[in-house]
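So the chains spell out like this:
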Amino acid sequence: MIRKKISSSIPSFFYSYNANAPFKHCTMCGEPLSDSSRYFIEKVFKQNRVLNISEIVYEYAICESCANSMSNEISNDSKAAITQLYETHSENLLRKLDYLHRTEKYSIDSWVDRCSMTGKQVRLCNEYAVNGIIENGGLVYEHTPIVISDDFVQKIQDVLSAETKETFDDFKKQITYGDPSVEDLVFSPTSGLI
């Protein structure tokens, strides 16, 4: 059974990397994010094989209003294809969620060690994304935090319409400020918005 637990604070894993503190503003609209806000955070990592560590490539926080607007820009065909893809791969996710809730493992490390959909360990991924929901000043443990591996992102890419890919590309340019070095490094789409 999937339950919902909200932590008493935001784990430092979901802090802004540059500020080493919780995000203060929506990356899209710039509006303040408060303890009463409900918002989403995504962090994208790339493996540094030389140092054997995951390095953050980019991150953002997006308010619920901007996330809803972004979701509305995804084509109906893409939404249906993504829903089907998630349903096809949901067994691993449901097993993981059941175990973590049943054993009350509400530490971030237990939730972000492997892809939620494929079970692939993040240390084996070239790139991966971690998504979380913040509500009432704490991290929501329910269906999130969710980890999406490079393998699963490729599956998502394969089912997206050209229109939706363009929407995600535009969004990625906005949150990375069009930095071509970031553009070359990271995959899209931003799966946490779907």
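The structure we're discussing is the one just above.
The residue numbering used here restarts from 1 in each chain and proceeds along that chain's sequence as written. The predicted nature of this model means local features are confined to residues of pLDDT at least 70 and side-chain atom pairs, given and counted, to a pLDDT of 80 or more, with totals for whole chains, interfaces and linings taken over all residues. In computing side-chain values, all of the structure's heavy atoms are included and hydrogens and water are not.

Chemist: How should I be thinking about the overall build of the protein chain in this particular structure?
Modeler: A run of H or I in DSSP becomes a helix once it reaches four residues, and a run of E becomes a strand once it reaches two; helices and strands are each numbered from the N terminus. Counting secondary structure elements, the protein chain contains seven helices and six strands. Working rule for contacts: check all heavy atoms of both residues, and any pair within 4.5 Å makes them a contact. Relative to all contacts within the protein chain whose residues are 6 or more apart in sequence, the contacts with residues 24 or more apart total 70%. Each accessible area is a Shrake-Rupley estimate made with a 1.4 Å probe; only the visible protein chains count as cover when residues are assessed. Surface accessibility of the protein chain: about 9900 Å² in total, with carbon and sulfur atoms responsible for 47%.

Chemist: Quick question: what am I supposed to make of the pattern of salt bridges here?
Modeler: Any two side chains of opposite charge can pair if their charged atoms end up close together. Each reported salt bridge corresponds to a side-chain nitrogen of Lys or Arg within 4 Å of a carboxyl oxygen of Asp or Glu. Enumeration according to the criterion identifies eleven salt bridges in this entry. Notably, a salt bridge pairs Glu 127 with Lys 46, separated by 3.2 Å at the nearest N-O pair. Of the two residues, Glu 127 sits in strand β4 (residues 127-135) while Lys 46 sits in strand β2 (residues 38-48), which places them 81 residues apart along the sequence. Under the relative-accessibility criterion, Lys 46 is labelled partly exposed at 26%. Notably, a salt bridge pairs Arg 114 with Asp 113, separated by 3.8 Å at the nearest N-O pair. Several salt bridges converge on common partners, so that one network encompasses Lys 4, Arg 38, Glu 64 and Glu 135. Each residue is assigned to one of three classes by its accessible area relative to the maximum for its type, calculated with a 1.4 Å probe on protein chains only: buried under 20%, partly exposed between the two thresholds, exposed over 50%.

Chemist: Please explain the packing of aromatic side chains as it appears in this structure.
Modeler: Two numbers describe a pair of aromatic rings. These are the distance of the centres and the angle of the planes. Any pair of Phe, Tyr and Trp rings, taking the six-membered ring for Trp, is counted once the centres come within 6.5 Å. Such a pair is stacked with planes under 30 degrees apart, edge-to-face with planes over 60 apart, and tilted for the rest. One pass over the structure, following the stated rule, counts six aromatic pairs. An aromatic cluster is built from Phe 13, Phe 14, Phe 45 and Tyr 128, whose rings are joined through pairwise contacts.

Chemist: What exactly am I supposed to notice about the nonpolar core here?
Modeler: A general tendency of soluble globular proteins is for nonpolar side chains to be buried together. Ranked by size, the top nonpolar core spans 52 residues in total, and within it Ile 62, Tyr 86, Met 117 and Phe 152 carry the most contacts. Tallying contributions element by element places strand β3 (residues 53-63) first for this core, with six residues. Nine residue types can take part in a nonpolar core, namely buried Ala, Val, Leu, Ile, Met, Phe, Trp, Tyr and Cys, and a core is a set of them joined through side-chain atoms within 4.5 Å.

Chemist: Sorry, what's going on with the side chain of Lys 96 here?
Modeler: Of note, Lys 96 is situated in helix α3 (residues 90-102). Note that His is not counted, nor are the chain ends; the positive residues are Lys and Arg, and the negative ones are Asp and Glu. Despite its burial, Lys 96 pairs with no opposite charge, the nearest such side chain being Asp 113 at 4.8 Å. Apart from the residues within four sequence positions on either side, Lys 96 is in contact with Ser 110, Trp 111, Arg 114 and Ser 116.

Chemist: Just checking my understanding: could you explain the pairing of β2 for this structure?
Modeler: A regular strand carries its side chains on alternate faces of the sheet. Counted residue by residue, β2 has nine buried out of eleven residues, so it is predominantly covered. One requirement defines pairing of two strands: DSSP has to find at least two bridges between them. Examined bridge by bridge, β2 and β4 share nine bridges and lie antiparallel to one another. Looking across to β4, one finds that Lys 46 is bridged to Glu 127. Between β2 and the antiparallel strand that follows it, β3, lie four residues; Asn 52 among them carries a positive phi value of about 60 degrees.

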